[in-house]
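Structural characterization, general
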Amino acid sequence: MAKKQKPKLAVWKFASCDGCQLSLLDCEDQLLPLTERIDIANFPEASRAVVKGPYDLSLVEGSISTPHDAERIHQVRRASKFLVTIGACATAGGIQALRNFIDVKDFISIVYATPAYIDTLKKSTPIAEHIRVDFELRGCPINKEQLVEVVSAFLQGRKPNVRPHSVCMECKRRGAVCVMVAHGTPCLGPVTHAGCGALCPAYHRGCYGCFGPMETPNTREMSAAWERLGVKQKDLVQIYRSFNAYAEPFYSESRIHESKIHQG
Amino acid sequence: MNFPLNRAMMAPRGSVTETALKVGTLRMLEGASLDRLFGALSKRGYRLLGPAVREGAIVFDEINSAADLPAGWTDEQEGGTYRLKKRSDDALFGYAVGPHSWKKFLHPPAERLWQADRKGKTFEVTEEKPDTQKTAFIGVRSCDLHAIAIQDKVFLNGYYVDPLYKARREHAFIVAVNCGQAGGTCFCVSMGAGPKAAAGFDLALTEVCEPERHYFVVEAGTDLGAEILAELPGREVEGREKAAAEDTVASAAQQMGRYMDTTNIKELLYQNYAHPRWDTVAARCLTCANCTMVCPTCFCTTVEDVTDLQGEHAERWQKWDSCFTKDFSYIHGGSIRATSKARYRQWMTHKLATWFDQFGTSGCVGCGRCITWCPVAIDITEEVRAIRQAPQSPKSSPVGDKYGNS
Ligand code: SF4
Ligand code: SF4
Ligand code: SF4
């Protein structure tokens, strides 16, 4: 085979905890075969070596939360052929999007000794609100098998096998007993995007939605079912308001329960 | 409703040896001797699969002996709830069907169909070898026998036969159990699918728990079943025992938690494509697909091709899919069933109407699983009842495109 240039992969970090990048490092067995096929050109978490763009595949972690990042993401887009966002921060704004529900200035004055040094945006927003994104991989953190699948699919020029249906389908395929029906444990599985393999229900816990909303989430009826299990309005606000708080269906649903609390 | 059971599947298995017993023979087996049956199956190389208590439910799993069965347990089922409860006796089969069905083994949730490896400029395909492990299913209820017969039609009777399903089916030995107690969501009587096992089994047990005695009335359904039955330490059934077994099944038939009127059901659904009830149920449905995952007759799958990072190896996997997902009806340009209304209607109309045109039977056997395991308690029997009623409010009658997307 003629010696072809290996595709160049870059990993970019925005506002995030680095957990999703670590999932890539965590791919141990797969990482070496990956480096045979691909040049890891920019991966701050793993190496300081930086190769100049353009890049064939960019993995973007983190949300946009500062004016500087809002500029930088456009440079990343320009330097990338395919751009895939990874994790709840990059696809939904992350836990830091909790600021979107209140005035961020109030936070800053409580948290920082010298608020004047802080240059931040009012909202933490997903990457897709700023640039065109080719594929969004969800999860907080992402599932490493899904990451390998996305990268393999990219290398082979095919569609990734990442389905947007409910967690329940994964739960049932693995033969787990439904915690909602059999134990009365509230579970967000029916409105949550698959990808984790139904990890929590398999350990007898309810899903708490870390992969964000599924393709057609009926959060209204999900909440009604939780209320029948005795869950209070304030807890319904909390459950939708975590890593994917700013993902539209969860955002609106938590707002509904918030206004119910205020109504008394 | 009439289910033509696929007895032909049963015929070639087992050698027709000179057994003293004939198909149809009834024998009495003491409760304590059930392990002799399991022993006889193990000796013939069968892996035993049967009910076991796990995660607060009765599931189907690998079992080794009668000690692994859910002795003294029962279940309480309603729309969207399932709870285990202790019984007042030590019955081994004193519960209805749980979250698992036998399709988990016969038509597994994920299976590899073939794999391919790069060989220089070409590649080599290796087909998946059919599984020839002999498997005994212990405790198959009548509704599930009907469900297996339905899946036989789907996978074996058409132009294309599924070789992996066929091998598993041919190596299965079925020990049916006649229900002595119906669950809160059962309606097999309405569907003509139970509670007594009529065909499609090798052996059928009826469990009788009396204050002083625990025994089984065992019926041989095939030659192989009769051959094994002849080896067990049973005896001829006495009239009293036979009557007790019949009473047990008759009482289950009286206890059905649900009822469905199936009169002209196919026409009913075909004529009520625009019934406002579809909007009502769609508003409640989570499109989570639990109903299709637990249904013992739902057979739909997707295929996923996976490749390794080096591009040297590829595999094709078949996985359970559901008509409740958007991808399921995706064709170029989008999903044909974009709304939950279109998806719920598709599912229920397939089960109760189009299935007749496609396979000559109902697609529902009345097992009640979709009612129990729906997180929001949507109930197929209630939906049929509602559709039978005249539309309440004609102005809410939906208009949509020809696929029902409104
Ligand atoms: S446990 Fe949760 S994810 Fe699993 S089937 Fe039940 S509701 Fe769905
Ligand atoms: S009917 Fe129930 S189980 Fe089925 S998809 Fe709708 S909510 Fe889920
Ligand atoms: S449609 Fe529901 S009741 Fe009918 S066979 Fe399927 S799971 Fe059982």
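Residues numbered from 1 in each chain as written. Chains lettered and ligands numbered in written order. Predicted model: local features only at pLDDT ≥ 70, side-chain atom pairs only at ≥ 80, totals over all residues. Heavy atoms only, no water.

**Description of the overall build of chain B**
Scanning chain B from terminus to terminus reveals twelve helices and 16 strands. In summary, chain B has a C-alpha radius of gyration of 23 Å against a globular reference of 22 Å for 406 residues, a match within 12%. In terms of overall dimensions, chain B has C-alpha extents of about 65 × 65 × 35 Å along its principal axes. Counting the 406 residues in chain B, one finds 56% classified as buried. Of the contacts made within chain B by residues no fewer than 6 positions apart, 74% connect residues no fewer than 24 positions apart. Taken as a whole, chain B presents about 16900 Å² of accessible surface, with 52% of it coming from carbon and sulfur. Averaged over its 48 positive side-chain charges, chain B has a centre that lies 4 Å from the centre of its 50 negative ones. (Helix = DSSP H or I, 4+ residues; strand = E, 2+ residues; numbered from the N terminus. Rg over C-alpha atoms; globule rule 2.2 N^0.38 Å. Buried < 20%, exposed > 50% of the residue type's maximum accessible area, 1.4 Å probe, protein only. Contact = heavy atoms within 4.5 Å. Areas by Shrake-Rupley, 256 points an atom, 1.4 Å probe, with all protein chains shown as cover. Lys, Arg positive; Asp, Glu negative; His and termini not counted. Charge placed at Lys NZ, Arg CZ, Asp CG, Glu CD.)

**Brief notes about the site of ligand 1**
Taken together, A:Val167, A:Cys168, A:Cys171, A:Lys172, A:Cys178, A:Val179, A:Cys187, A:Gly189, A:Pro190, A:Pro201 and B:Asn290 form the complete shell of residues around ligand 1. In this structure, ligand 1 is bordered by residues of chains A and B. Considering each element in turn, the shell around ligand 1 owes the most residues, four residues, to helix α7 (residues 167-173) of chain A. A class-by-class count of the residues in the shell around ligand 1 yields eight nonpolar, two polar and one charged. (Near = heavy atom within 4 Å. Nonpolar A, V, L, I, M, F, W, Y, C, P; charged D, E, K, R; others polar.)

**Topic: the domain arrangement of chain B**
Residues and elements named next belong to chain B. Domain assignment breaks chain B into domain 1 (26-253) and domain 2 (265-396). Of note, the centres of domain 1 and domain 2, computed from C-alpha atoms alone, are 26 Å apart. Of the roughly 3400 Å² buried at the junction of domain 1 and domain 2 (both faces included), carbon and sulfur atoms supply 59%. Three residues stand out in domain 1 for area buried against domain 2, namely Lys-103, Ile-150 and Phe-187, and they jointly supply 17% of the buried area on that side. Our count for the domain 1 to domain 2 interface comes out at three salt bridges. Across the salt bridge formed by Arg-369 and Asp-144, the nearest N and O atoms sit 2.8 Å from each other. Taken together, the links from domain 1 to domain 2 amount to 31 residue pairs in polar contact (both at pLDDT 80 or more). Secondary-structure elements contributing two or more residues to the side of domain 1 that touches domain 2 are β4 (73-78), β5 (81-86), α2 (103-106), β6 (110-119) and α3 (142-156). (Domains from an automatic or database assignment. Buried area = accessible area lost by both parts, 1.4 Å probe. Salt bridge = Lys/Arg side-chain N within 4 Å of Asp/Glu carboxyl O. Polar contact = N/O pair within 3.5 Å; in protein donor to acceptor, adjacent residues only side chain to side chain.)

**Remarks on the environment of B:Thr301**
Residues and elements named next belong to chain B. Turning to its location among the elements, Thr-301 is positioned in strand β13 (residues 301-307). Since its relative accessible area comes to 30%, Thr-301 is described here as partly exposed. For the pair Thr-301 and Cys-323, spaced 22 residues apart in sequence, the C-alpha separation works out to 9.6 Å. Residues contacting Thr-301, with those up to four places away along its chain left out, are His-107, Gln-318, Lys-319, Trp-320 and Asp-321.

**So, the sheet that holds strand β3 (residues 55-61) of chain A**
Residue and element names in this part refer to chain A. On the basis of which strands lie adjacent, the open sheet formed by five strands has the order β2-β1-β3-β4-β5 and parallel pairing. Each edge of the open sheet carries a strand with a single partner, namely β2 (39-42) and β5 (135-137). The sheet shows a mean angle of 25° between the axes of neighbouring strands, taken without regard to direction. Examined bridge by bridge, β3 and strand β4 (residues 80-86) share six bridges and lie parallel to one another. Of the residues in β4, the one forming a bridge with Leu-57 is Phe-82. Contacting β1 (8-13), β3 and β4, helix α3 (residues 67-79) runs over the sheet at an angle of about 130° to β4. (Pairing = 2+ DSSP bridges. Axes fitted to C-alpha atoms, helices over the stretch in contact; angles between N-to-C directions.)

**Things to note about the domain arrangement of chain A**
All names here are of chain A. Looking at chain A, the domain boundaries give domain 1 (8-156) and domain 2 (167-263). Here domain 1 meets domain 2 over a buried area of about 1400 Å², counting both sides, of which 61% is carbon and sulfur. For the pair domain 1 and domain 2, the number of links is zero salt bridges. On the surface where domain 1 and domain 2 come into contact, there are three residue pairs in polar contact (both at pLDDT 80 or more). Considering only residue class, the side of domain 1 that touches domain 2 consists of nine nonpolar, seven polar and three charged.

**Concerning the side chain of A:Arg99**
All names here are of chain A. Tracing the chain through its elements places Arg-99 in the loop between α4 (87-92) and α5 (104-111). One buried charge, Arg-99, has no salt-bridge partner; the nearest side chain with opposite charge is Asp-69, at 9.1 Å. A distance of 3.5 Å separates a polar side-chain atom of Arg-99 from the backbone oxygen of Ser-65.

**Some thoughts on the site of ligand 3**
Residue and element names in this part refer to chain B. Taken together, Phe-187, Cys-295, Pro-296, Trp-347, Lys-351, Cys-364, Val-365, Gly-366, Cys-367, Gly-368, Arg-369 and Cys-370 make up the full set of residues adjacent to ligand 3. Those elements giving two or more residues to the shell around ligand 3 turn out to be α10 (340-359) and α11 (369-372). For the shell around ligand 3, a count of residues per class yields eight nonpolar, two polar and two charged.

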